[in-house]
Amino acid sequence: IGTGYAFYKPAPVPLVKPLAEFPMTAGQWEGKASSNYGPDDLRVPDATEELNAVYRSAQGRPVRLYIGYLDSQVQGMELIGTHFSRLYLNMSEVAVGGQRAEMTVNRTVLKKGSQESLVLFWYNLNDRPVANRYSAKLATAVDGLVRRQTNGAFIMVTAEFNGDEDLQRALRDEAGLINELRPA
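Quick look at the structure, then. Predicted model, so just to flag it, every value in this text is computed and none were measured.

### Focus on helix H4 (residues 163-181)
- Taking 1.5 Å as the rise per residue, H4 with 19 residues should run 27 Å; its terminal C-alpha atoms sit 27 Å apart, in good agreement.
- Residues of H4 that are buried: Asp 166, Leu 167, Ala 170, Leu 171, Asp 173, Glu 174, Ala 175, Leu 177, Ile 178, Asn 179 and Leu 181.

Structural data, given as structure tokens:
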């Protein structure tokens, strides 16, 4: 059993560039690192690397970007788990596109007191964006067996809003930031 485990044990995959070098300027957006992790302090537990930044467009709305990266996932140290259970409530999928190909992400609203935040999130597994958490779990398991790699990232974009009309503006702003930051 020990030899089999050593053979199938996933190998850590470090990032090519550290998240500390992630662009803080993208199109009309200017970002700044932040120590405030936004609604409910949602983070990847024991992330190998993290990025937490607030971007502002020319219109000034703050949009928060969080990326939590694990160079290898093992039982108890996973991207998908109960630590994000609040995100799965009333979640739906939405396509974001713009100048680039459409990408499906998850959409939910978190409430804290009277403040509401629109949250868009997805998983990035070996440069493949995956919205569905069950598909992400399956892809991670297959990559672990076939490639001996279980690395991945959880990516979350949030913006506060007030009312339905502002919710639509928040969605446009978040999708705009995502499109500016996505590789061509």
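### Some details on the packing of aromatic side chains
- What the rule picks out here adds up to 5 aromatic pairs.
- Measuring from centroid to centroid gives 6.4 Å for Tyr 66 and Phe 154, while their planes differ by 50 degrees, and the two rings are tilted. Taken together, the residues Tyr 66 in strand E4 (residues 62-70) and Phe 154 in strand E9 (residues 152-161) connect sequence positions 88 residues apart. Neither residue differs from the other here; Tyr 66 and Phe 154 are each classed as buried.
- Ring plane angle 55 degrees and centroid distance 5.8 Å describe the contact between Tyr 123 and Phe 154, whose orientation is recorded as tilted. Remark: Phe 154 occurs in strand E9 and Tyr 123 occurs in strand E7 (residues 115-125); sequence separation between them is 31 residues.
- Overall, the relative accessible area of 0% leaves Tyr 123 in the buried class.
- Taking relative accessible area as the criterion, Phe 154 reaches 0% and is therefore assigned buried.

Reading guide: rules and limits
- Residues numbered from 1 in each chain as written.
- Predicted model: local features only at pLDDT ≥ 70, side-chain atom pairs only at ≥ 80, totals over all residues.
- Heavy atoms only, no water.
- Helix = DSSP H or I, 4+ residues; strand = E, 2+ residues; numbered from the N terminus.
- Expected span 1.5 Å × (residues − 1).
- Buried < 20%, exposed > 50% of the residue type's maximum accessible area, 1.4 Å probe, protein only.
- Phe/Tyr/Trp six-rings, centres within 6.5 Å; stacked < 30°, edge-to-face > 60°.

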